[in-house]
Amino acid sequence: MAKKYKGCAVGIDLGTTYSCVAVWQEHLNRVEIIHNDQGNNTTPSCVAFTVHERMIGDAAKNQAATNPENTVFDSKRLIGRKYSDDIVQKDKMLWPFKVIAGANDKPVIVVKYKGEEKQLCVEEVSSMILGKMREIAEAFLEKPVKNAVVTVPAYFNDSQRKATIDAGAIAGLNVVRIISEPTAAAIAYGLDRRNSSVEERNIFVFDLGGGTFDVSLLTIQDKNYHVKATAGNSHLGGEDIDNKMVKYFVKEFKRKNKVDISGNPRALRRLRTACERAKRTLSSAITVTVEIDALFEGIDFYSSMTRARFEEINLELFEECMETVERCLTDAEIEKSSVHDVVLVGGSSRIPKVQKLLQDFFNGKDLCKSINPDEAVAYGAAVQAALLSEGIKNVPNLVLLDVTPLSLGIELEGDVMSVVIPRNTTIPVKRTEVYNTVDDNQSAVDISVYEGERTRASDNNLLGFFTLSGFSRALRGHPFDVTFAMDENGILSVSAEDKTTGNKNKITISNNKDRLSAGEIERMIQEADIYKVEDKKFLRKAKTKNDLDDCIYEIRKALKKHDINSILCREEKEEMWSAINRATDLVDEKNEQDDMVVFEDCLNELRSMLERLKTT
Ligand code: ADP
Ligand code: MG
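All of the points below concern the structure found in this document. (Residues numbered from 1 in each chain as written. Chains lettered and ligands numbered in written order. Predicted model: local features only at pLDDT ≥ 70, side-chain atom pairs only at ≥ 80, totals over all residues. Heavy atoms only, no water.)

1. Remarks on the overall build of the chain
- The helix and strand tally for the chain stands at 16 helices and 28 strands.
- On the principal axes, the C-alpha backbone points of the chain span a range of 105 × 60 × 60 Å.
- The buried share among the 616 residues of the chain stands at 52%.
- Counting contacts in the chain only where the partners sit at least 6 residues apart, residues at least 24 apart contribute 66% of the total.
- In the structure as shown, the chain presents an accessible area of about 28,500 Å², 47% of it carried by carbon and sulfur atoms.
- Charged side chains in the chain number 84 positive and 96 negative. The centres of these two groups are separated by 4 Å. (Helix = DSSP H or I, 4+ residues; strand = E, 2+ residues; numbered from the N terminus. Buried < 20%, exposed > 50% of the residue type's maximum accessible area, 1.4 Å probe, protein only. Contact = heavy atoms within 4.5 Å. Areas by Shrake-Rupley, 256 points an atom, 1.4 Å probe, with all protein chains shown as cover. Lys, Arg positive; Asp, Glu negative; His and termini not counted. Charge placed at Lys NZ, Arg CZ, Asp CG, Glu CD.)

See below:
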C-alpha cells in the first residue's frame, strides 16, 4: 500500500457522546490509548460557551446543567445533513441549544459567547472536538500531531464523510483516511490476521454507545473488509439507561420525601450525572450507592442500587438490542453459527448483562472484549494510521476496503437507471461507460446522477446533475464517456467527456446534496426487492420503447434517402405512416397504453417495414 504521509499520526474515534484518541507506539510495539487532562480515556464530545470562555470535553459537560442553551453536543447527528432533513427536525426538538437553517439549507448552531450571539456551522463544532483530541495527543506525545485517521459509522454517506474531513481540516488536522467504526474495531483485534485459510471470515460488531446502537456484519477475505449489513437504532444507548435509572430514583424520592423533582431541570441533571457514574460502577461492582447533597429543597438524596435491580429496569432495552442483532444477521443472510468473531464496541457494551445476552445469543461463543469496548475503535484507527505512515515497519500489513452501500449510475432516456458502479463494489473504484446522444445535432446532454437499486431512475435518490455541452453537429448515437470515481473516503466524483471535441464537465457530490441515512439505504434495498417484478416490467417497456424510437428514426432516415413513391404504393405508404404515428404515440405515452403486447406488435411491424426499406 502506498504510504501517504510522513510523521506522527493518531487514530481518532469521533463519537456522538464520547471521543477517544490513540496512537501506535513504535518503540513499545503497541497501541496506546491517550488519556486526557482529567485522566480519562474518553472525552465528552461536548463544547460550551460562556461569558468568559469556550470549554471542550469534560469541562463543557460538567457545566451543562447551568448553561444548557450554550452547551452543544450531538454534532455528529448533524454533520453532513441538511437542516430540513427529517432526522435533524426530530433531533432538534430534543436539544436545549438552538439550531437554525443557514445558507444552502445547512444547519447552523446559535450560541451566546462572551455576551454576543455566535453562529457556528456543524463542521466547526466537530472541529473543536477534533482539535481537543489533537491537543490531548500532543500533550501526551510532547510533539505536534498533524495527521489522523478518523472513524465514522459504516452507514455514513459521502456528504457526512466529507464534512468530517472538513472538520479535521478546520482543526488543522490532515485526515489521511476515514474508516468505518466496525472495521476499525475488527482491525484492533487483528481479525484479518487470524485467518489460516483463504476462506471468508464473518465478523459481527456490536456497538452500544452513549446515544446510538449500531450492529454490523463484516466479512474479511484476503485481508479485505466488506460491510455486508448494518442495523441499529439511532436513539438507543447509555443515555437511555441513565434515564431509566433517573426515573427509578425520582419515584423513590417521591415515595420517601413526598416531593416530585421531575419538574426541576437542575435536580434532574445532577441526578443524571450521579446515575451515569453509578451505572459505570455497576459494570464491575454488584451494588452501588448514590449520594447527592441537597438535591431538592435542601433534601439530601441517599440511595443504592444492586446490579440485579439495574438489569431488571433495563431488560426491555437490552432485549431490543438482541432483536436488532437478529435482524442484521437475517439481512446479511448469515446464520449465527457462521459468525467467526463477535466484537464488542461502545461504552455501554461493558455492561455484564449485555455481554451475557449477546454471548447466549451466539450460543456461548467467546466475545472479543479484551480491548475496552469504548477504546476499540480508536485503537483500530491508530493501527490504520500507523499502516499509512512512512517508516513504521512493525504493524502487520493489511489492505482496507469499504464498499459502495448503493448502486450508482445515471438516468437514461425514458427514466431508466443505468448502473455504472454496482452496490457493494469495493472502493476506491473508477469506472467509465460509453453512452450515446439520442437526437440528431444534439448540442448538450444533461447527466443526472442517482444512487439506488430501482430500475426507474426517479425511484432512486438524485445526487446531482450537470450538463456536458459543446457537441459538434452529429447524428443521434454520438458517443461520450461518463466516469464515476469514488475515493477511499467514499467521496464520489462524476465526469463526462466528449472524446471527439475534448469537451469535459464534472461534479463532486458534496455536503449540500441530498444523501441518505442508513435507515433509508436499508429501506431502499428492501424496496428494490419488493418491486422487482414491477421494475422488470418497467424495464421491458422502457427497452421496447427505446427500440421503437430507434426504428422510427431509422425508417425516417431510410425514407429520406429513397424516393418513397418508387418503392411503395399508396396503401403501403399510408400503412407505414399510420404505424409510425402509432409508434410515436406509444413512445410518447400518449394513450396510456400498458399492454406490452401492443408495444411488441408495433415494434415487430416497424422492424419488418424497416427490413423492406433496407432491401429495396
Ligand atoms: P459513543 O457512543 O459516543 O461512541 P462510547 O462508545 O464511549 O461513546 O459510549 C459512551 C457510553 O458508554 C456512555 O453512555 C457511558 O455512560 C457508557 N459507559 C462508559 N463506561 C461504561 C461502563 N463501565 N459501564 C456501563 N456503561 C459505560
Ligand atoms: Mg462510538
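Read on for the rest.
2. As for the sheet that holds strand E23 (residues 429-436)
- Here four strands make up an open sheet; going across it, the order is E23-E26-E27-E28 and the pairing antiparallel. The strands lining the two open edges of the sheet, one partner per strand, are E23 and strand E28 (503-508). Here the average twist between neighbouring strands, direction ignored, is 15 degrees.
- In the sheet, strand E26 (residues 479-486) pairs with strand E27 (residues 492-498) via six bridges, with the strands oriented antiparallel. (Pairing = 2+ DSSP bridges. Axes fitted to C-alpha atoms, helices over the stretch in contact; angles between N-to-C directions.)

3. Structural notes on the environment of Arg556
- When you line up the elements, Arg556 lands in helix H13 (residues 532-561).
- Sequence spacing of Arg556 and Glu142 is 414 residues, and the spatial spacing of their C-alpha atoms is 78 Å.
- Ignoring any residue separated from it by four or fewer positions in sequence, one finds Arg556 in contact with Trp577, Ile580 and Thr584.

4. With respect to the pattern of salt bridges
- Across all of its chains, the model carries 31 salt bridges by this definition.
- Salt-bridge contacts for Lys61 lead to Glu276; the nearest nitrogen and oxygen are separated by 3.1 Å. Taken together, the residues span a long stretch of sequence, with Lys61 in helix H1 (residues 58-62) and Glu276 in helix H8 (residues 265-282) at a distance of 215 residues.
- Lys61 sits in the partly exposed class, given a relative accessible area of 28%.
- Ionic pairing is found between Asp547 and Lys543, a salt bridge with its closest N-O pair at 3.7 Å. (Salt bridge = Lys/Arg side-chain N within 4 Å of Asp/Glu carboxyl O.)

5. Re the packing of aromatic side chains
- For the coordinates displayed, the defined rule picks out 12 aromatic pairs.
- Here Phe253 and Phe301 contribute two aromatic rings whose centre-to-centre distance is 5.8 Å and whose plane-to-plane angle is 55 degrees, an arrangement assigned as tilted. With Phe253 in helix H7 (residues 238-257) and Phe301 in strand E17 (residues 299-306), this residue pair connects regions lying 48 residues apart in the sequence.
- The exposure class of Phe301 is buried, given its relative accessible area of 4%. (Phe/Tyr/Trp six-rings, centres within 6.5 Å; stacked < 30°, edge-to-face > 60°.)

6. Structural notes on the side chain of Glu311
- Mapped onto the fold, Glu311 is located in helix H9 (residues 307-332).
- Notably, Glu311 is buried but unbridged: the nearest opposite-charge side chain belongs to Lys353, and the N-O separation is 4.6 Å.
- Here Glu311 is in contact with Phe318 and Lys353, once residues within four sequence places are set aside.

7. As for the packing of H7 against H8
- Contact geometry of H7 with H8 gives a least axis separation of 9 Å together with a crossing angle of 115 degrees. You can see that H7 and H8 cross each other, and the crossing is right-handed. Here Gly238, Ile241, Asp242, Asn243, Met245, Val246, Phe249 and Val250 of H7 come into contact with H8, specifically with Leu268, Leu271, Arg272, Cys275, Glu276, Ala278 and Lys279.
- In terms of residue class, the contact of H7 with H8 is built from nine nonpolar, two polar and four charged. (Left-handed = near helix turned anticlockwise from the far one by under 90°. Nonpolar A, V, L, I, M, F, W, Y, C, P; charged D, E, K, R; others polar.)

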